[in-house]
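Spelled out, the chains give:
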Amino acid sequence: MNNFKNIAKSILSAGLLTLMIACNAASDGSTAADSEPPLAGARIGGNFTLTNQDGGKTSESEFKGQYRIIYFGYSYCPDVCPIDLANIMLGLKQAEKENPALSKKIQPIFISVDPERDTPAVLKQYVSAFHPRLIGLTGTAEEIAAVAEKYLIIYDIRKDESSSEYLVDHSRQAYLFGPDGEPLALLPFDGTPQDVAAEINRWVR
């Protein structure tokens, strides 16, 4: 719980609006029209090594030179996560259609906040439904907690002892990072795929 509070304080100090959801709430994905990326200089992100959907290890450093779209969620989310991912990935596909070179410049990444259920096999089936290049990452509870703290993601697994099913409350952000891992912008996933594509085209060079 203390770690949960520390992450919340970090988010507030960074000036980001983050909503806790039980996979049934909305958020504000508005973007700035400034020439400088809205997240420029923010202390968000960092290196990690997690388990990918094929059971191997993937490190953030492997994407050096590529832009990265990173979204945190979980495959058992009943509604919000799949809708968000669908919008983000449809937006990416549209941007790639408009500019095919983007397919080599951008790596989409989905990081699970439910490592207990999101095994590599589960993630492999899940991410394949959204984009052929979407990478799904999971890990131990400790590894996920460390990555979430770096990326200013709050999450809370709400288990009920009387049931094997549970929801995970988590902050809802779709980050766009630059080729050096620098934070650039939040993608407007709660808009249309066209909105997402426009934001991608605004910052990816």
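Chemist: Honestly, the sheet that holds strand β4 (residues 67–73) in this entry has me stumped. Any pointers?
Modeler: Strands pair in a sheet through their backbones, by hydrogen bonds, and they do so in one of two ways: parallel or antiparallel. Taking strand neighbours across the sheet as the criterion, the seven strands line up as β3-β2-β6-β5-β4-β9-β10 in an open arrangement whose pairing is mixed. At either end of the open sheet lies a strand with only one pairing partner, and these are β3 (57–59) and β10 (183–186). On average, adjacent strands in this sheet sit at an angle of 35° to one another, irrespective of strand direction. In the sheet, strand β9 (residues 174–177) pairs with β10 via three bridges, with the strands oriented antiparallel. Looking at β10, one finds that Phe177 is bridged to Pro183. Strands in contact with helix α2 (residues 80–98) are β4, β5 (106–112) and β9; relative to β4, the strand with the most contacts, it is inclined by about 165°. Of the strands in this sheet, β4, β5, β9 and β10 are in contact with helix α6 (residues 193–203), which crosses β10 at around 160°.

Chemist: Any chance you could explain the packing of aromatic side chains here in plain terms?
Modeler: When we look at a pair of aromatic rings, we describe it by the centre distance and by the angle of the planes. Throughout the structure, instances matching the rule amount to eight aromatic pairs. Between the aromatic rings of Tyr126 and Phe130, the centroid separation amounts to 5.1 Å while the plane-to-plane angle is 65°, which identifies the pairing as edge-to-face. In this structure, Tyr126 and Phe130 share a single accessibility class: buried. Grouping aromatic residues by their ring pairs yields a cluster made of Phe48, Phe72, Tyr151, Tyr175 and Phe177. Over the face of the ring belonging to Tyr76 we find Arg117, whose NZ or CZ atom lies 4.5 Å from the ring centre. Sitting over the face of the ring of Tyr166, Arg117 holds its NZ or CZ atom 3.6 Å from the ring centroid.

Chemist: What exactly am I supposed to notice about the packing of α2 against α6 here?
Modeler: Helices that pack against each other are described as a pair by the angle of their axes relative to one another and the distance between those axes. With their axes 7 Å apart at the nearest point, α2 and α6 run at an angle of 55° to one another. Relative to α6, the element α2 is oriented oblique. Like other packed secondary-structure pairs, α2 and α6 cross with a definite hand, here right-handed. Contact with α2, carried on its side by Asn87, Ile88, Leu90, Gly91, Leu92, Gln94, Ala95 and Glu98, involves Pro193, Gln194, Val196, Ala197, Ile200 and Asn201 of α6 and no other residues of that element. Residues that form the contact of α2 with α6 fall into these classes: eight nonpolar, five polar and one charged.

Conventions and cut-offs
- Residues numbered from 1 in each chain as written.
- Predicted model: local features only at pLDDT ≥ 70, side-chain atom pairs only at ≥ 80, totals over all residues.
- Heavy atoms only, no water.
- Pairing = 2+ DSSP bridges.
- Helix = DSSP H or I, 4+ residues; strand = E, 2+ residues; numbered from the N terminus.
- Axes fitted to C-alpha atoms, helices over the stretch in contact; angles between N-to-C directions.
- Contact = heavy atoms within 4.5 Å.
- Phe/Tyr/Trp six-rings, centres within 6.5 Å; stacked < 30°, edge-to-face > 60°.
- Buried < 20%, exposed > 50% of the residue type's maximum accessible area, 1.4 Å probe, protein only.
- Lys NZ or Arg CZ within 6 Å of the ring centre and 35° of its normal.
- Parallel < 35°, antiparallel > 145°, perpendicular 65-115°, else oblique.
- Left-handed = near helix turned anticlockwise from the far one by under 90°.
- Nonpolar A, V, L, I, M, F, W, Y, C, P; charged D, E, K, R; others polar.

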